[in-house]
Structure formats: C-alpha cells, structure tokens
Amino acid sequence: FDPPRAVAGAGRRPPPRPRAATGRGRSPQGRPPPLLPRCCRGVSPLPISSRGRTGTTELTGSTNLITHYNLEHAYNKFCGKKVKEKLSNFLPDLPGMIDLPGSHDSSSLRSLIEKPPICGSSFTPLTGAMLTGFRLHAGPLPEQCRLMHIQPPKKKNKHKHKQSRTQDPVPPETPSDSDHKKKKKKKEEDPERKRKKKEKKKKKNRHSPEHPGVGSSQASSSLR
Amino acid sequence: MAEKFDSLEEHLEKFVENIRQLGIIVSDFQPSSQTGLNQKLNFMVTGLQDIDKCRQQLHDISVPLEVFEYIDQGRNPQLYTKECLERALAKNEQVKGKIDTMKKFKSLLIQELTKVFPEDMAKYKAIRGEDPPP
C-alpha cells in the first residue's frame with residue numbers, strides 16, 4: 001500500500017534517497033549524520049536558527065488578549081448581562097419607529113453610503129425667496145404621513161415589575177416557617193371566621209341577591 | 001476619546017429635537033405658524049452646518065460597516081460589540097489551545113530527538129537555550 005502522499009508527489013520530484021544507503025554521509029564515529037543540509041552544517045544543528053525564535057515578549061494568542069487590552073470592563077458590560085435586541089433600547093429618546101428595517105422606508109445607512117445624496121459641499125441658510133417654497137396648506141396631515149409621531153409601544157411589564165419589587169421588599173421566609181405561621185393564624189382566626197360567616201349569611205338574606213359572585217374573602221375583608 | 005463625541009452628540013440631539021418640533025408644526029399646520037416653520041427650517045440648516053463642522057475632530061474615527069447593518073435592521077448596535085468580544089475570546093482560546101499543543105509537541109519531539117541524537121541536541125540546546133516546560 002502506497003501512501004497517498006507518495007502518489008501525489010510522483011512525477012514532480014524524485015523521492016529523496018536515504019543518505020545512510022550511500023555511505024557518504026556517515027560520520028567517522030559511525031553514528032547517523034545530522035539531519036541538515038550541507039549549507040547549514042556548522043551553523044546550527046537544526047534548521048531553526050536562534051534568530052527565528054519567538055521572544056517571550058511577543059504578543060500571541062497564548063495570552064488573554066481581552067485582559068491585555070484592558071477590555072474586561074467592556075466584556076463584562078456587554079457579555080455579562082443580556083443586551084436588549086431593539087435599536088429603540090439603545091436610542092430610547094429618538095422619535096419615530098426606529099425598530100423597523102431601514103430598507104422598508106429607504107432610510108438605511110447603507111443606502112447613504114452606496115448612493116450618497118447629491119448635494120453641495122456647504123450648507124447655506126434659506127433666503128426669503130427660498131422659504132416661499134415651504135408654504136403649507138392649513139390642516140392636519142393625512143394618516144399615512146403621520147408615521148413619525150408613532151412611538152413604539154412601551155412595555156407595561158417594567159412598571160409592573162417595579163411595583164412588585166417595591167411591594168415585597170421583605171426577604172422571603174423559609175417555606176416551613178411561613179407555613180407554620182399561616183397555620184397558626186388559621187387556628188387563631190377560626191372562631192372569628194365562623195362568626196363572620198354567620199353574619200355574612202344573615203346579611204345575604206337581608207340584601208337583595210344582586211352580587212352573588214362576590215367571594216367570601218372579599219366580603220370578609222369588607223366587613224373588617 | 002469620549003470628549004470628541006460629546007459635541008457631536010449634543011448637536012445631533014438638538015437637530016433631532018428640532019426635526020421633531022418641525023414634524024409637530026407640519027402635522028397640523030396653521031397659517032400662523034409659518035414664521036415658526038421658517039425658523040425651524042433655517043435652524044435645521046444651521047444644525048447641519050454644526051454637525052458638518054464636527055467632521056474635523058472625527059476624521060480618524062472609523063466605523064465598521066457591519067454596525068450599519070445592525071442599525072438598518074433595527075437592532076441594537078451594542079450586540080455587534082458583544083458578538084465581536086465573544087468571537088475574539090473564542091478565537092483567543094482556540095489559538096491558545098493550538099499554541100499549548102504545539103509546545104507539548106515540541107517538548108516531546110526534543111525529548112525523543114535527545115534520545116536518538118544526544119550530541120546534536122546538546123548543541124541545539126546550547127544555541128537555543130533551555131525551553132521552558134509547556
């Protein structure tokens with residue numbers, strides 16, 4: 001079986017003859033000759049010279065390049081937490097629907113590079129005569145032109161989240177403790193509840209049955 | 001570095017605000033607001049002049065084109081930074097792995113060569129010096 005390398009090499013260059021077979025290169029001690037071309041002998045025993053050695057100060061991939069360039073802060077900032085997907089999260093104060101692809105309304109930045117606008121090199125203020133071209137008709141804009149004032153809907157979850165945060169600042173107790181307390185409360189409240197239930201029943205009988213769906217808990221709370 | 005962008009940011013914010021006010025005037029135009037509109041239009045021109053002046057300070061700043069793609073798709077450009085950093089770290093680790101493997105290979109090769117060619121390797125080590133262990 002011929003290795004594929006030998007097949008590929010055939011016809012290009014004759015395969016190197018083993019030196020030991022010629023007998024010319026054998027050293028006087030009888031040991032095999034060094035694996036070096038003649039030009040390199042006496043200079044360096046191996047073709048790698050001392051000049052070619054990579055210095056310890058050279059920057060390679062073996063060092064953490066993020067640390068080397070002091071980018072840890074940036075790495076932690078962007079990779080440590082989730083970055084919000086939408087452009088409006090990056091530019092929250094920019095009016096209009098900026099999350100839509102620019103290709104939809106031909107407002108893409110790429111088109112600005114590919115087809116730069118035809119304009120002069122300087123900006124000159126508009127004269128009175130020029131401003132006459134900007135006289136507008138009175139009245140509101142048609143619906144399709146009001147896109148600029150439409151803001152992306154802001155998530156209500158944020159507020160809810162904040163509220164929920166503010167509502168439960170107390171650290172959660174261990175489930176066993178809280179359950180125990182609840183059970184205790186239940187036991188304590190039992191005679192009271194019975195009384196209240198009785199009262200409620202009486203009231204229900206007195207009032208017209210307009211709100212039959214009201215839960216017992218709500219009712220009991222209103223009584224309190 | 002950041003100071004360079006401050007004036008540009010300020011001018012851009014003013015410009016955007018002016019455009020927003022212009023939009024409000026135009027959305028329900030009244031003949032009495034024509035002078036206000038003219039003022040806003042000229043303010044827009046001066047705003048563009050101010051932004052154009054900022055070019056001199058920022059001529060050495062280059063922005064990767066990929067960032068524009070993110071913005072054009074309505075995506076947060078910080079995601080590009082994030083992906084760049086992640087890619088850099090992954091590549092860094094990959095290259096480090098290769099370097100470490102090559103170092104191990106080198107030490108093993110030297111070890112084996114020393115067994116077969118002790119004198120040559122002694123000369124080699126004399127020239128190259130002792131390599132630190134991988």
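Residues numbered from 1 in each chain as written. Chains lettered and ligands numbered in written order. Predicted model: local features only at pLDDT ≥ 70, side-chain atom pairs only at ≥ 80, totals over all residues. Heavy atoms only, no water.

- As recorded in an unreviewed UniProt entry, chain B goes by the name Mediator of RNA polymerase II transcription subunit 10, listed as coming from Melospiza melodia.
- If you open the UniProt record of chain B and go to Subcellular location (unreviewed entry), you find "Nucleus". (UniProt positions renumbered as here; feature names shortened; annotations may be inferred.)

- Labelled according to an unreviewed UniProt entry, chain A appears under the name Mediator of RNA polymerase II transcription subunit 19, originating from Malurus cyaneus samueli.
- Taken directly from UniProt, the Subunit (unreviewed entry) text for chain A runs: "Component of the Mediator complex."

## Some points on the interface of chain A and chain B
Then comes step 1: If you look at the interface, chain A gives 57 residues, while chain B gives 51 residues.
Then comes step 2: Where chain A abuts chain B, roughly 4800 Å² becomes buried across the two surfaces, and 65% of that area is made up of carbon and sulfur atoms.
Then comes step 3: The tally of links between chain A and chain B comes to 2 salt bridges.
Then comes step 4: Here Arg110 of chain A ties to Glu69 of chain B by a salt bridge, and the two come within 3.1 Å at their closest N and O atoms.
Then comes step 5: For the interface between chain A and chain B, the tally reads 15 residue pairs in polar contact (both at pLDDT 80 or more).
Then comes step 6: Those elements that provide at least two residues to the side of chain A that touches chain B are helix H3 (65-68), helix H4 (72-79), helix H5 (87-90), helix H6 (109-114) and strand E1 (139-140) of chain A.
Then comes step 7: Sort the elements by how many residues they give to the side of chain A that touches chain B and H4 of chain A lands first, with 4 residues. (Contact = heavy atoms within 4.5 Å. Buried area = accessible area lost by both parts, 1.4 Å probe. Salt bridge = Lys/Arg side-chain N within 4 Å of Asp/Glu carboxyl O. Polar contact = N/O pair within 3.5 Å; in protein donor to acceptor, adjacent residues only side chain to side chain. Helix = DSSP H or I, 4+ residues; strand = E, 2+ residues; numbered from the N terminus.)

## Side note on the environment of Leu79 of chain B
Residues and elements named next belong to chain B.
Then comes step 1: Tracing the sequence through the fold places Leu79 in helix H4 (residues 78-116).
Then comes step 2: Among the residues examined, Leu79 registers a relative accessible area of 5% and is labelled buried.
Then comes step 3: Taking C-alpha positions, Leu79 is 9.1 Å from Val67, a pair spaced 12 residues apart along the chain. (Buried < 20%, exposed > 50% of the residue type's maximum accessible area, 1.4 Å probe, protein only.)

## Describing unusual backbone geometry
All names here are of chain A.
Then comes step 1: In the Ramachandran plot, Asn70 falls in the positive-phi region, its phi being about 55° despite a non-glycine side chain.
Then comes step 2: Within the element layout of this structure, Asn70 appears in the loop between H3 and H4.
Then comes step 3: Looking at Asn70, the relative accessible area reads 63%, which means it is exposed.

## A closer look at the packing of aromatic side chains
All names here are of chain B.
Then comes step 1: Taken as a whole, this structure holds 1 aromatic pair over all chains when the rule is applied.
Then comes step 2: Between Tyr70 and Tyr80, the aromatic rings sit 5.7 Å apart at their centres with planes inclined by 70°, giving edge-to-face as the arrangement. Linking Tyr70 in helix H3 (residues 65-72) with Tyr80 in helix H4, this pair joins segments that are 10 residues apart in sequence. Here Tyr70 matches Tyr80 in class, with each residue buried. (Phe/Tyr/Trp six-rings, centres within 6.5 Å; stacked < 30°, edge-to-face > 60°.)

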